[in-house]
Amino acid sequence: MSESPPKRAALLLADRGVLEIAGADRRSFLQGLISNDIEKVTPHRALYAALLTAQGKYLHDFFVVALGDAFYLDGEAARLADLKRRLGLYKLRAKVTIAEASERYQVAAAFGDGAIDSLGLDADRGAAVPFADGVAYVDPRLAALGARLLLPRATGLPALAVKGFAAAAAADYDRLRLSLGVPDGSRDLEIEKAILLEAGFDELNAVDWQKGCYIGQELTARTKYRALIKKRLLPVAIEGPLPPPGTPIMQGEREAGEMRSGRDDLGLALLRLDALDGPLSAGATRVTPRKPDWAKF
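Note that the coordinates shown come from a computational prediction; the quantities given were computed from them, not determined experimentally.

Caption draft 1: Here's a closer look at the overall build of the chain. Counting its regular elements, the chain contains six helices and 17 strands. Compactness check: the chain gives a C-alpha radius of gyration of 19 Å against a globular reference of 19 Å for 297 residues, within 12% of the reference. Counting every position in the chain, which comprises 297 residues, the buried fraction comes to 54%. Considering only contacts within the chain whose residues lie at least 6 apart along the sequence, 68% involve residues at least 24 apart. For the chain, the exposed area adds up to about 13,200 Å²; of that, 52% sits on carbon and sulfur atoms.

What follows is the structure, encoded as structure tokens:
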């Protein structure tokens, strides 16, 4: 098990990349594609959103910030080219440009006691302020995750060190995420198979139910209003060897779900809601689910 992280810590998220969406039609372009309301994004407000298939299945999730005359999407670095390609399919005659910006900008996380206050932010999810020629904002999913930052490559972590942030390891931030039951993109959601509401995207502030149409909206809305969710991605305590992602989780002889990401004695698992009361196991490992405080089911 990793040592306790510093009380106020920050790190660069090396597994994140940045896309720039610019041009006169950038707002209307994204509004018709993503699960959240792009009209909410301003220099003082960031948001979390997803791109879905036409059948409402997960493709990508990302954060959106406004900086200058462009939007910047913080997404998975390993899948950024795919996100760019998929957005480009819908460009048509829209006056927008879609360009990778990872050579100019990097993503950081700042968390722990006083992290949000130290950056001049209130605790409102998505609240944003200028910081070091970039943007700092409260994580739109949960304020307990701290803040995220879009920073110029030349800035890096020194600007955060001045604010009293110690260096954190990736494992520190990953354990915080797992302890809160928050998914990490395609580590936890199967591409073209996962349903947003099974992964808590409603409670995690990634879906706007009042905006106009977007790709996959019909199935997403039907899933919510007809109460069709039978599984949930949940945090689990691990007693025994950490099961690899995809390992079946059993309730006796009956399959109850499967493991997703994990670290040390913490993990996430996609579990059937009718299998949460009895003992669960993944091979020789005991798996104990917990309902997060933020979850509504």
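Back to the write-up after that little detour.
Caption draft 2: Seen up close, the sheet that holds strand E9 (residues 134-138). Spatially, six strands are ordered E8-E9-E10-E7-E1-E11 in an open sheet, and the strand pairing comes out mixed. With partners counted over all chains shown, the strands left at the sheet margins are strand E8 (128-131) and strand E11 (166-167), one partner each. Of the pairings in the sheet, the one linking strand E7 (residues 105-112) to strand E10 (residues 147-152) comprises six bridges and is antiparallel in character. From the neighbouring strand, tyrosine 105 faces E10, where its bridge partner is proline 152.

Caption draft 3: Looking closely at the pattern of salt bridges. All told, the structure shown has 24 salt bridges when counted by the stated rule. Residue aspartate 82 is joined to arginine 85 by a salt bridge in which the shortest nitrogen-to-oxygen separation is 3.0 Å. Within this pair, aspartate 82 and its partner arginine 85 are both found in helix H2 (residues 80-88), separated by three residues, close to a single helical turn. Looking at arginine 85, the relative accessible area reads 45%, which means it is partly exposed. Salt bridges sharing partners connect three or more residues here, namely Glu76, Arg79, Asp82, Arg85, Arg86 and Glu192.

Caption draft 4: Representation of the sheet that holds strand E3 (residues 47-52) in the model. If you trace the five strands from one edge of the open sheet to the other, you get E3-E4-E5-E2-E6, paired in antiparallel fashion. Both outer strands of the open sheet, E3 and strand E6 (97-100), are each paired with one neighbouring strand and no more. Each strand of the sheet is rotated relative to its neighbour by a mean of 30°, with strand direction disregarded. Relative to strand E5 (residues 70-76), strand E4 (residues 58-67) runs antiparallel, the two sharing five bridges. Among the inter-strand pairings, leucine 67 is bridged to a residue of E5, identified as alanine 70.

Caption draft 5: Structural view of the pairing of E4. Of all 10 residues that make up E4, 10 are buried, and the element is covered over most of its length. Hairpin connection from E3 to E4: five residues lie between these consecutive antiparallel strands, with glycine 56 at a positive phi of about 80°. The antiparallel hairpin formed by E4 and E5 contains two residues in its connecting segment, where glycine 68 sits at a positive phi of about 65°.

Caption draft 6: Up close: the side chain of asparagine 36. Note that asparagine 36 resides in the loop between helix H1 (26-31) and E3. The contact partners of asparagine 36, leaving out residues within four places of it in the chain, are Gln31, Leu47, Tyr48, Ala49, Asn205, Ala206, Val207, Asp208 and Lys211.

Caption draft 7: Expanded view of the nonpolar core. Among the nonpolar cores identified, the biggest contains 47 residues, and Tyr72, Tyr173 and Phe201 are the most heavily contacted of them. Not counting residues within four places of it along the chain, the set of residues in contact with phenylalanine 201 comprises Tyr48, Ala50, Asp61, Pro183, Leu189, Leu196, Ala206 and Val207. Core analysis: the next-biggest nonpolar cluster, separate from the first, contains 23 residues, Ile34, Ile38, Phe62 and Ala66 among them.

Caption draft 8: Local environment of the packing of aromatic side chains. A complete count under the given rule lists six aromatic pairs for this structure. Geometrically, the ring pair formed by phenylalanine 63 and tyrosine 137 is tilted, given 6.4 Å between the ring centres and 50° between the ring planes. Here tyrosine 137 lies in strand E9 and phenylalanine 63 lies in strand E4, a separation of 74 residues in the sequence. In this pair, the class of phenylalanine 63 matches that of tyrosine 137, namely buried. Geometrically, the ring pair formed by tryptophan 209 and tyrosine 225 is edge-to-face, given 5.9 Å between the ring centres and 65° between the ring planes.

Caption draft 9: Highlighting the side chain of glutamate 76. Counting through the fold element by element, glutamate 76 comes out in strand E5. The contact partners of glutamate 76, leaving out residues within four places of it in the chain, are Asp15, Arg16, Gly17, Tyr58, Asp61, Gly185 and Ser186.

Caption draft 10: Expanded view of unusual backbone geometry. Phi at leucine 92 is positive, roughly 50°, even though this residue is not glycine. In this structure, leucine 92 sits in the loop between H2 and E6. Classification of leucine 92 as exposed rests on a relative accessible area of 75%.

The rules behind these values
Residues numbered from 1 in each chain as written. Predicted model: local features only at pLDDT ≥ 70, side-chain atom pairs only at ≥ 80, totals over all residues. Heavy atoms only, no water. Helix = DSSP H or I, 4+ residues; strand = E, 2+ residues; numbered from the N terminus. Rg over C-alpha atoms; globule rule 2.2 N^0.38 Å. Buried < 20%, exposed > 50% of the residue type's maximum accessible area, 1.4 Å probe, protein only. Contact = heavy atoms within 4.5 Å. Areas by Shrake-Rupley, 256 points an atom, 1.4 Å probe, with all protein chains shown as cover. Pairing = 2+ DSSP bridges. Salt bridge = Lys/Arg side-chain N within 4 Å of Asp/Glu carboxyl O. Axes fitted to C-alpha atoms, helices over the stretch in contact; angles between N-to-C directions. Core = buried A, V, L, I, M, F, W, Y, C linked by side-chain atoms within 4.5 Å. Phe/Tyr/Trp six-rings, centres within 6.5 Å; stacked < 30°, edge-to-face > 60°.

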